[in-house]
Number of protein chains: 2
Amino acid sequence: MPKMVLDAIDRRILAALQRDGRLTNVQLAEEVGLSPSPCLRRVRLLEEAGVIGGYRATLDRAELGLGLTVFVGVKVVRHDESGAAAFRGAVRLLPSVVACHLVSGESDFLLQVVVPDLAAYERLLLDTLMRLPGVSDIRSNFAIQTVKAEGPLPLDHL
Amino acid sequence: MPKMVLDAIDRRILAALQRDGRLTNVQLAEEVGLSPSPCLRRVRLLEEAGVIGGYRATLDRAELGLGLTVFVGVKVVRHDESGAAAFRGAVRLLPSVVACHLVSGESDFLLQVVVPDLAAYERLLLDTLMRLPGVSDIRSNFAIQTVKAEGPLPLDHL
DNA sequence: GGATTTCTTGGCACGGTATGCCAAAGATCG
DNA sequence: CGATCTTTGGCATACCGTGCCAAGAAATCC
């Protein structure tokens, strides 16, 4: 994946599509100061280069009855790459786990889990998470309030 | 916000738009087994009810030169509301902080920070994060590998 | 059980949009 | 300064979004 060179117009395009992914190409073109044709071409290039990975509708968790977000720190038994691979594969298959990162620090993995309520989390924790391969310790941090979620990526450094 | 009643077709619509937010209404209609007219109406209703909060392009962090993701645990001096409100307001204005939750457990706030490199994080940490109002302790957990990011919300519980 | 009411669907028409193509303008480099 | 390469803008066509109305299905009520 060769890193693409982005100019000021590309940055404006990305910022606009990050704000509203369903912008019409005509609207987008006007917003970035281009005519529709070259604007659409730039968007296609950004998509093909992988800068734009895709487009997603962002859903409201509360409206969907997903009232509980939990950040779960997981420690695994160390020095076992096959075990860690198994853990990653298992986590990827869990729909309730919307994010998972290998991290430095106290925990080895940091998961973001979304469930309807505490009862659902209890089931997930006891029946699934604690039984994942190689897990030695689990720490649950419940989200009490969301200050900022899924904020746009910063582009000012370009 | 009265919770909207969602049937199987609505669920399919949400799943499809979560997968590809730029789906044409015609494509979407065919995918969920409806003709375009009622399909579009349902999408509009979901938008107005707030179930669909918006549409966003998902960008590739590595391609944008945002190579470093850090999960930052922040402790504040007290849970007194004025201090916490100041902290939240300040965090919301930081572009590098893409997510921030008030959480239970060791830390009070859990932040997700996205920066180009370690030098940028050092500057953010020393010049900004440590000077935020009421901060008493900061713990940085660096993302080493992303197993799953921004996964779709689970809808099977409906 | 049947009729009425209410909600949802599907088709149609029109205005707007996406998209490929070509010429013109601009930038780059020797 | 001139040639080459890149990017832009406009145009034409096919497709799509969107509002409207009638037909169908579902629920309700007597």
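How each quantity is defined
Residue numbers restart at each chain and count upward from 1, following the sequence in its written direction. Chain letters start at A and ligand numbers start at 1, both assigned in the order the entries are written. Per-residue local features are limited, in this predicted model, to residues with pLDDT of at least 70; the limit for side-chain atom pairs, both in listing and counting, is 80 or more; totals at the level of whole chains, interfaces and linings are taken over all residues. Hydrogens and waters are ignored; side-chain quantities use all the structure's heavy atoms. Nearness of a residue to a molecule or strand requires only that one of the residue's heavy atoms be within 4 Å of it. Each polar contact in these results corresponds to two N or O atoms within 3.5 Å; when the atoms are within protein, one needs to be able to donate a hydrogen and the other to accept it, and residues that are neighboring in sequence are counted only if both atoms are side-chain atoms. Superposition of the copies was done by least squares, using only C-alpha atoms of residues whose pLDDT is at least 70 in both. In what follows, a contact means two residues having at least one pair of non-hydrogen atoms within 4.5 Å. Residue ranges assigned to each domain were obtained from an automatic or database domain assignment. For helices the rule is a DSSP run of H or I covering at least 4 residues; for strands it is a run of E covering at least 2, with both sets numbered from the N terminus onward. Any residue that is not Ala, Val, Leu, Ile, Met, Phe, Trp, Tyr, Cys, Pro, Asp, Glu, Lys or Arg is counted as polar, Gly included; the first ten are nonpolar and the last four charged. Accessible area, probed at 1.4 Å, shrinks when two parts are joined; the buried area is that loss added up over both. For salt bridges, the criterion is a side-chain nitrogen of Lys or Arg within 4 Å of an Asp or Glu carboxyl oxygen. For helices, the axis comes from a line fit to the C-alpha atoms of the stretch in contact; other axes are also lines fit to C-alpha atoms, and the angle between any two N-to-C directions lies between 0 and 180 degrees. Orientation categories follow fixed angle ranges, with anything under 35 degrees roughly parallel, anything over 145 roughly antiparallel, 65 to 115 roughly perpendicular, and all other angles oblique. The hand of a helix crossing depends on one turn: near helix anticlockwise from the far one by less than a right angle means left-handed, and clockwise means right-handed.

Per an unreviewed UniProt entry, the recorded name for chain A is AsnC family transcriptional regulator, and the organism is Methylobacterium aquaticum.

Enquirer: Tell me about the protein's contact with DNA strand C, and name the residues and values.
Expert: Surrounding DNA strand C, one finds Thr24(A), Asn25(A), Val26(A), Ser37(A), Leu40(A), Arg44(A), Leu34(B), Ser35(B), Ser37(B), Pro38(B), Arg41(B) and Arg42(B). Atoms of DNA strand C within 4 Å of the protein: sugar and phosphate make up 58%, bases the balance. In the environment of DNA strand C, a phosphate oxygen lies 2.7 Å from a nitrogen or oxygen atom belonging to the backbone of Asn25(A). One of the side-chain N or O atoms of Arg42(B) is found 2.3 Å from a phosphate oxygen in DNA strand C.

Enquirer: Go over the relation of the copies chain B and chain A with me, naming the residues and quoting the values.
Expert: Superposition of chain B onto chain A requires a rotation of 180 degrees combined with a translation of 0.0 Å along the rotation axis, giving an RMSD of 0.2 Å. On the angle and the small slide along the axis, the relation comes out as a two-fold axis. The rotation axis passes nearest to the C-alpha of Arg56(B) in chain B, at a distance of 2.8 Å. When you check the interface residues of chain B against chain A, 99% turn up at the interface there too, and the contact is symmetric in its surfaces.

Enquirer: Describe the domain arrangement of chain A, listing the residues and the values that go with them.
Expert: Domain assignment breaks chain A into domain 1 (8-48) and domain 2 (68-142). With centres defined by C-alpha atoms, the gap from domain 1 of chain A to domain 2 of chain A works out at 38 Å.

Enquirer: If you had to explain the protein's contact with DNA strand D to someone new, which residues and values would you point to?
Expert: Lining the immediate surroundings of DNA strand D are Leu34(A), Ser35(A), Ser37(A), Pro38(A), Arg41(A), Arg42(A), Thr24(B), Asn25(B), Val26(B), Ser37(B), Leu40(B) and Arg44(B). Backbone atoms, meaning sugar and phosphate, form 55% of the atoms of DNA strand D found within 4 Å of the protein. The contact in question runs from a phosphate oxygen of DNA strand D to an N or O atom on the backbone of Val26(B), over 3.4 Å. Listed by contribution, the elements that provide at least two residues to the surface near DNA strand D are α3 (36-48) of chain A together with α2 (25-32) and α3 (36-48) of chain B. Ranked by residue count, the leading element in the surface near DNA strand D is α3(A), at 4 residues. Split into classes, the residues belonging to the surface near DNA strand D amount to 4 nonpolar, 5 polar and 3 charged.

Enquirer: Now, about the interface of chain B and chain A: what can you tell me, with residues and values included?
Expert: Between chain B and chain A, the contact holds 73 residues from the first and 72 residues from the second. Carbon and sulfur atoms supply 55% of the area buried between chain B and chain A, which totals about 6500 Å² over both sides. Looking at the side of chain B facing chain A, the largest losses of area belong to Arg56(B), Glu63(B) and Lys148(B), adding up to 13% of the total buried there. Counting across the interface, chain B meets chain A through 2 salt bridges. Glu106(A) is the salt-bridge partner of Arg139(B), the closest N and O atoms lying 2.9 Å from each other. Counting every contact that joins chain B to chain A gives 51 residue pairs in polar contact (both at pLDDT 80 or more). Looking at the side of chain B that touches chain A, the elements that each hand over two or more residues are α1 (8-19), β1 (52-59), α4 (81-92), β3 (97-103), β4 (109-115) and β5 (135-148) of chain B. Ranked by residue count, the leading element in the side of chain B that touches chain A is β5(B), at 10 residues. Per-class residue counts for the side of chain B that touches chain A are 40 nonpolar, 18 polar and 15 charged.

Enquirer: Summarise the packing of helix α1 (residues 8-19) of chain A against helix α2 (residues 25-32) of chain A; cite the residues concerned and give the values.
Expert: Geometry of a packed helix pair, given as the angle between the helix axes and the separation of the axes. Residues and elements named next belong to chain A. Closest axis-to-axis distance for the α1/α2 pair is 10 Å, and the angle between their directions is 130 degrees. Judged by the angle between their axes, α1 and α2 are oblique. Helix-helix and strand crossings are classified by hand; for α1 and α2 the assignment is right-handed. Along its contact with α1, which presents Ile 9, Arg 12, Ile 13, Ala 16, Leu 17 and Arg 19, the element α2 presents Leu 28, Glu 31 and Val 32.

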